[in-house]
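Examination of the molecular architecture
Chain residues, written in single-letter form:
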Amino acid sequence: MTLPTSASPDANPTDAGLAAAAAARRAAPDAPFLVAAAGGTPSRRPVWMMRQAGRSLPEYRELRAGVEMLDSCFRPDLLSEITLQPVRRHDADAAILFSDIVVPLKAAGVAVDIVPGRGPVLEHPVRTPADIAALPTVEPGQLESVVEGIGGVLDELRDDQVLIGFAGAPFTLASYLIEGGPSKNHGITKSLMYSEPQTWHALMERLTPTVITFLRTQLEAGIDALQLFDSWAGFLSLKDYREFVAPYSQRIFDAVRPYGVPMIHFGVNTAELLGEMAAVGPDIIGVDWKTPLDVAAARVTADLRDRGLRVPRAIQGNLDPAVLLAGPEVIAGHVRRICAEGDAAIAAGNATGHIFNLGHGVLPETDPDAITRAFAEVHAL
Ligand code: 1CP
């Protein structure tokens, strides 16, 4: 097992780190996900779904019985098996690593647990300069079980299927740390940001290296692509996102770009932020279900062009997860519409490719057969 060698997270990756990643990564030149991400014509439209691993699957519930959520993220056998379950069942073009955005914090020694039916809960919220100074930064050696689990996934994937690694972006992580758990309006987080900007920036500075190390560790273990989840960034205005969040997310993309894998950036309620979230550096823009893909792509392209940045980019999305609870005809209609909107974005020159996904995660009550049918319908179009 090779562990990352990059000592200073924010510096350029070391040659040894880049070599380790290149050696661990499988050659998958024809994988539809990678072809679509690179602007080519894939053999079929690639599809994966956020939260495809997890509670919608009976085989997941069976495997997790009696095992705490975060414990399962540190058991390589469970990690690989749960990651692979939806890929086998639904013939997905990509696996998403079974982990959680709080895994690097837990690995670093932060007292955090995932409470069933609720989400990540901190024993001590992080709200003061002293709390921030005491927050540990994750070291690659603390993530060995994740590295081992990734190896298990790569051994089993077909070579036209990819493994997507991920991390939570600093804003979304900060919200859990400051609030102490899931939040409806992120009020404590935002009030700290407004009233104590220095404390806010200190927390962002503290979290950024942990996110970089978590991603580099996955890259050096061989992931084929990555997604930075800033799930709750849509609670911010564009101005606040620019000032308080974008510089850190940009540093993260800069720090992992040398590995050369496709990078996705996603958040919910981000219609107003899409251009800015694209400008911080991803290759693929994840869109929630509220903005049609062709409209989103046009907006992103215009914003990037105004700044002299590379256009167009690939686009990912964006079926409303609730549609999967409706009947087969309803699902098929929405799948057709979204594929047409993706094609329209490409035809207009505003996207290089379309990766089908949901606009957010699979709802736990979703019938797995409805998910399988949706995958097949995307592939048939
Ligand atoms: O009881 C259970 O089975 C735990 C439910 C669960 C699962 C399956 C949690 C708790 N996390 C996960 C796995 C997970 N988390 C994955 C891998 C599985 C997959 O996608 O197929 C991923 C990518 C995440 C990432 C994650 N965790 C995000 C970003 C994505 C998103 O949904 O926006 C966020 C915000 C979290 C926090 C979290 N962890 C768990 C829950 C229920 C939540 C959300 C809590 C909240 O609403 O604030």
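Per-chain numbering applies: the sequence of each chain, read as written, is numbered from 1 onward. Per-residue local features are limited, in this predicted model, to residues with pLDDT of at least 70; the limit for side-chain atom pairs, both in listing and counting, is 80 or more; totals at the level of whole chains, interfaces and linings are taken over all residues. Derived side-chain values reflect all non-hydrogen atoms in the structure, with water molecules and hydrogen atoms excluded from consideration.

Some thoughts on the sheet that holds strand 5 (residues 225-229)
- A pair of strands is treated as paired once DSSP finds two or more bridges between them. A run of H or I in DSSP becomes a helix once it reaches four residues, and a run of E becomes a strand once it reaches two; helices and strands are each numbered from the N terminus. On the basis of which strands lie adjacent, the open sheet formed by seven strands has the order 1-4-5-6-7-8-9 and parallel pairing. The sheet terminates laterally at strand 1 (94-96) and strand 9 (351-358), the two strands that pair on one side only. Sheet twist, expressed as the mean angle between neighbouring strand axes with direction ignored, is 25 degrees.
- Here two bridges tie strand 6 (residues 263-266) to strand 7 (residues 284-286), and the two strands are oriented parallel to one another. Across the sheet, the residue bridging to His265 is Ile285, located in strand 7.
- With respect to the sheet, helix 15 (residues 293-306) is in contact with strand 7, strand 8 (313-319) and strand 9, its orientation differing from that of strand 8 by roughly 150 degrees. Axis definition: a line fit to C-alpha positions, over the contact stretch in the case of helices; interaxial angles, taken between N-to-C directions, run 0 to 180 degrees. In what follows, residue pairs with any heavy atoms lying within 4.5 Å of each other are defined as contacts.

Observations concerning the UniProt feature "binding site: substrate" (unreviewed entry) in the protein chain
- Within this numbering scheme, the UniProt entry marks Arg51, Gln52, Ala53, Gly54, Arg55, Asp100, Tyr176, Ser231 and His360 as carrying the feature "binding site: substrate" (unreviewed entry). A stretch of 310 residues holds the annotated residues, and the largest C-alpha distance among them is 22.6 Å, long enough that they do not meet in one place.
- By the secondary structure assignment, Gly54 is in the loop between helix 2 (32-37) and helix 3 (58-64).
- What makes Gly54 buried here is its relative accessible area of 6%.
- For Asp100, the location among the structural elements is in the loop between strand 1 and helix 6 (103-108).
- Look past the residues within four positions of Asp100 in its chain and what remains in contact with it is Met69, Cys73, Ile114, Pro120, Phe166 and Phe214. UniProt positions are given in the numbering used here, feature names are shortened, and annotations may be inferred rather than shown by experiment. Only protein chains enter the accessibility calculation, which uses a 1.4 Å probe; a residue is then buried when its area is under 20% of its type maximum, exposed when over 50%, and partly exposed in between.

Looking at unusual backbone geometry
- Here Val311 and Pro312 are connected by a cis peptide whose omega angle stands at -15 degrees.
- By the secondary structure assignment, Pro312 is in the loop between helix 15 and strand 8.
- Residue Asn318 is reached from Gly317 by a cis peptide bond, and omega for that bond is -10 degrees.
- Relative to the elements of secondary structure, Asn318 occurs in strand 8.
- At Asp91, a position not held by glycine, the phi torsion is positive, near 55 degrees.
- Mapping Asp91 onto the fold places it in the loop between helix 5 (76-90) and strand 1.
- One non-glycine residue with positive phi stands out, namely Asn269, at about 60 degrees.
- Here Asn269 lies in the loop between strand 6 and helix 14 (274-279).
- Assessed through its relative accessible area of 34%, Asn269 is described here as partly exposed.

Quick word on the pattern of salt bridges
- A pair is scored as a salt bridge if a Lys or Arg side-chain nitrogen falls within 4 Å of a carboxyl oxygen belonging to Asp or Glu. Following the criterion strictly, the structure yields 17 salt bridges and no others.
- Between Asp77 and Arg75 there is a salt bridge; the shortest N-O distance is 3.1 Å.
- Of the residues examined, Asp77 reaches a relative accessible area of 47% and is grouped as partly exposed.
- The exposure class of Arg75 is partly exposed, given its relative accessible area of 37%.
- Among the ionic pairs, Glu276 bridges to Arg307, the shortest N-O distance being 2.7 Å. Highlighted residues: Glu276 in helix 14 and Arg307 in the loop between helix 15 and strand 8, separated in sequence by 31 residues.
- You can call Arg307 partly exposed: its relative accessible area is 35%.

Some points on the site of the ligand
- The nearness test applies per residue and asks whether one of its heavy atoms lies within 4 Å of the molecule or strand. Around the ligand, the surrounding shell holds 24 residues, and the nearest of these are Tyr60, Asp100, Tyr176, Ser231 and His360.
- In protein, a polar contact means a hydrogen-donor-capable atom and an acceptor-capable atom, both N or O and within 3.5 Å, with residues adjacent in sequence counting only if both atoms are side-chain atoms; elsewhere, any N or O pair within 3.5 Å suffices. Backbone polar atom of Arg51 to an oxygen atom of the ligand: 2.8 Å apart, as the coordinates give it.
- In the model, an oxygen atom of the ligand is placed 2.8 Å from a nitrogen or oxygen of the Ala53 main chain.
- Throughout, the Shrake-Rupley method with a 1.4 Å probe supplies accessible areas, and for residues the shown protein chains are the sole cover considered. Look at the ligand: alone it shows 880 Å² of surface, and the protein chains cover 89% of it.
- Elements that contribute at least two residues to the shell around the ligand include exactly helix 3 and strand 3 (119-122).
- Charged means Asp, Glu, Lys or Arg here, nonpolar means Ala, Val, Leu, Ile, Met, Phe, Trp, Tyr, Cys or Pro, and polar covers whatever is left, Gly included. The residue makeup of the shell around the ligand, split by class, is 14 nonpolar, five polar and five charged.

A few points about the packing of helix 8 (residues 144-156) against helix 11 (residues 197-221)
- Two numbers describe how helix 8 lies on helix 11: the axes approach to 9 Å, and their chain directions differ by 40 degrees. By the criterion of interaxial angle, the relationship of helix 8 to helix 11 is oblique. In this structure, the crossing between helix 8 and helix 11 has a hand that is right-handed. Packed against helix 8, whose contacting residues are Val147, Ile150 and Leu154, the element helix 11 presents Thr217, Gln218 and Ala221 at the interface.
- Residues belonging to the contact of helix 8 with helix 11 are distributed by class as follows: four nonpolar, two polar and no charged. Here the word oblique covers every angle except those under 35 degrees (roughly parallel), over 145 (roughly antiparallel) and from 65 to 115 (roughly perpendicular). By definition, any crossing whose near helix is turned counterclockwise from its far helix by less than a right angle is left-handed, and any crossing with a clockwise turn is right-handed.

Some thoughts on helix 5
- Helix span, expected: 1.5 Å multiplied by one less than the number of residues in the helix. Taking 1.5 Å per residue as the helical rise, helix 5 with its 15 residues ought to reach 21 Å, and the 22 Å between its terminal C-alpha atoms agrees with that figure.
- Note on bend: at a given residue it equals the angle between the axes fitted to the 7 residues ending there and to the 7 starting there. The sharpest bend along helix 5 comes to roughly 25 degrees, located at Leu84, with the proline Pro86 sitting one to four residues further on.
- Here helix 5 lies mainly inside the structure; 11 of its 15 residues are buried.
- All buried positions along helix 5 are accounted for by Pro76, Leu78, Leu79, Ser80, Ile82, Thr83, Leu84, Gln85, Pro86, Val87 and His90.
- In this fold, the buried residues of helix 5 make contact with helix 3, helix 4 (69-73), strand 1, helix 8, strand 4 (162-168) and helix 17 (368-380).
- Taken from the residues just after helix 5, Asp91 is the one with a positive phi, measuring 55 degrees.

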